[in-house]
Amino acid sequence: MNKLILILFLLVTSCGFNTIQKRQAVFISNAAYATNDSLTVGRFDLATEHSNRLITFIAPPSPSDRITIKPFINSHVDKKANSNIIYNTNPIVVLPLAFKTNPIIFKNSPEFFKMLMDNKELERQIEEEQKLNVDLNKDRDKLKREKENDYNKLQESQKRSNRFLGILKIFTGIFGILGIAAVALMVFVPGVIPLVLNVFSTIFGIIRNLLSSIVNWINTFFKK
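Conventions used here
- Residues numbered from 1 in each chain as written.
- Predicted model: local features only at pLDDT ≥ 70, side-chain atom pairs only at ≥ 80, totals over all residues.
- Heavy atoms only, no water.
- Core = buried A, V, L, I, M, F, W, Y, C linked by side-chain atoms within 4.5 Å.
- Buried < 20%, exposed > 50% of the residue type's maximum accessible area, 1.4 Å probe, protein only.
- Helix = DSSP H or I, 4+ residues; strand = E, 2+ residues; numbered from the N terminus.
- Phe/Tyr/Trp six-rings, centres within 6.5 Å; stacked < 30°, edge-to-face > 60°.
- Lys, Arg positive; Asp, Glu negative; His and termini not counted.
- Salt bridge = Lys/Arg side-chain N within 4 Å of Asp/Glu carboxyl O.
- Polar contact = N/O pair within 3.5 Å; in protein donor to acceptor, adjacent residues only side chain to side chain.
- Contact = heavy atoms within 4.5 Å.
- Patch = residues over 30% accessible without salt bridge, like charges linked within 9 Å, V, L, I, M, F, W, Y side chains within 5 Å.
- Areas by Shrake-Rupley, 256 points an atom, 1.4 Å probe, with all protein chains shown as cover.

### Concerning the nonpolar core
Link 1 in the chain: If you look at the biggest cluster of nonpolar residues, it comprises five residues: Phe164, Leu168, Leu210, Ile214 and Trp217.
Link 2 in the chain: Contributing elements (two or more residues each) for this core: α4 (120-188) and α5 (193-223).
Link 3 in the chain: Here this core gets three residues from one element, more than from any other, and that element is α5.

In structure tokens:
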């Protein structure tokens with residue numbers, strides 16, 4: 001009986017949990033591919049926004065599993081000075097060779113804004129991208145809230161299921177004790193069989209009512 005109730009509980013909760021997982025998978029897939037596509041076409045500004053949105057949604061890896069990314073710094077020793085002082089320059093931005101012939105511009109720099117003023121098509125493109133980023137951030141925040149709410153509901157459902165399982169264990173123990181006592185009475189006390197059957201009938205009635213309550217709880221859960 002305990003296994004049956006546990007299976008029913010898993011079937012009920014797995015439906016909502018699978019829905020959450022699918023929506024998370026879609027969000028993560030979109031963000032990951034948007035990051036990759038942005039890098040492919042040289043839009044490192046958009047790649048930063050998409051990747052930042054992704055890492056604020058998923059849990060970070062453990063320190064032992066996290067891949068270490070080091071900056072590219074061209075360190076050198078000043079040979080003219082009689083010392084071992086190492087001078088570090090600022091980290092170098094390393095771009096793929098495919099961008100060797102591409103012009104480079106820094107977002108929000110004076111040159112960037114001048115380019116937008118001179119090219120209205122690029123200005124409209126930037127405005128659309130900014131609007132899309134706002135919408136994507138709203139979707140992310142909404143999904144995070146729904147994920148937290150569904151997780152809280154799942155925890156509460158597990159607590160209710162554990163309470164039901166505890167009640168069933170109690171009734172199972174009582175039923176076992178009464179069963180042993182009934183067998184002993186039937187063996188050693190003549191004419192007690194009708195009384196034992198009456199007791200068993202009462203017990204089965206209680207179990208039937210308990211199962212009815214469990215079914216009602218499951219129906220209520222599905223309606224939420």
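Here the narrative resumes, following the displayed structure.
### Examining the packing of aromatic side chains
What characterises a pair of aromatic rings is the spacing of the ring centres plus the angle enclosed by the ring planes.
Link 1 in the chain: Summed over the entire model, instances satisfying the criterion amount to three aromatic pairs.
Link 2 in the chain: When the centroid spacing of 5.8 Å and the interplanar angle of 75° are considered together, the rings of Phe112 and Phe113 count as edge-to-face.
Link 3 in the chain: On the basis of relative accessible area, Phe113 is assigned to the partly exposed category, the value being 43%.

### Digging into unusual backbone geometry
Link 1 in the chain: Unusually for a residue other than glycine, Asn108 sits at a positive phi of about 70°.
Link 2 in the chain: Tracing the backbone shows Asn108 in the loop between β2 (86-87) and α3 (110-118).
Link 3 in the chain: When its relative accessible area of 52% is taken as the criterion, Asn108 is described as exposed.

### What about the side chain of Arg53?
Link 1 in the chain: Along the chain, Arg53 turns up in helix α2 (residues 44-55).
Link 2 in the chain: Despite its burial, Arg53 remains without a salt bridge, the nearest opposite charge being carried by Glu49 at 5.6 Å.
Link 3 in the chain: A polar contact of 3.1 Å, which involves the side chain of Arg53, links it to the side chain of Asn133.
Link 4 in the chain: Discounting chain neighbours no more than four positions away, the residues touching Arg53 are Phe27, Asn133, Leu136, Asn137 and Arg140.

### Re a nonpolar patch on the surface
Link 1 in the chain: On the surface, Leu39, Phe44, Val93, Leu95, Ile104 and Phe106 cluster together into a nonpolar patch covering about 600 Å² of accessible area.
Link 2 in the chain: Within the secondary structure, Ile104 sits in the loop between β2 and α3.

### A word on the environment of Asp139
Link 1 in the chain: Tracing the backbone through its elements, the reader meets Asp139 in helix α4.
Link 2 in the chain: Its relative accessible area of 46% is what places Asp139 among the partly exposed residues.
Link 3 in the chain: Sequence separation between Asp139 and Phe27 is 112 residues; the distance between their C-alpha atoms is 8.9 Å.

None of the figures reported here should be taken as evidence of function without further support.
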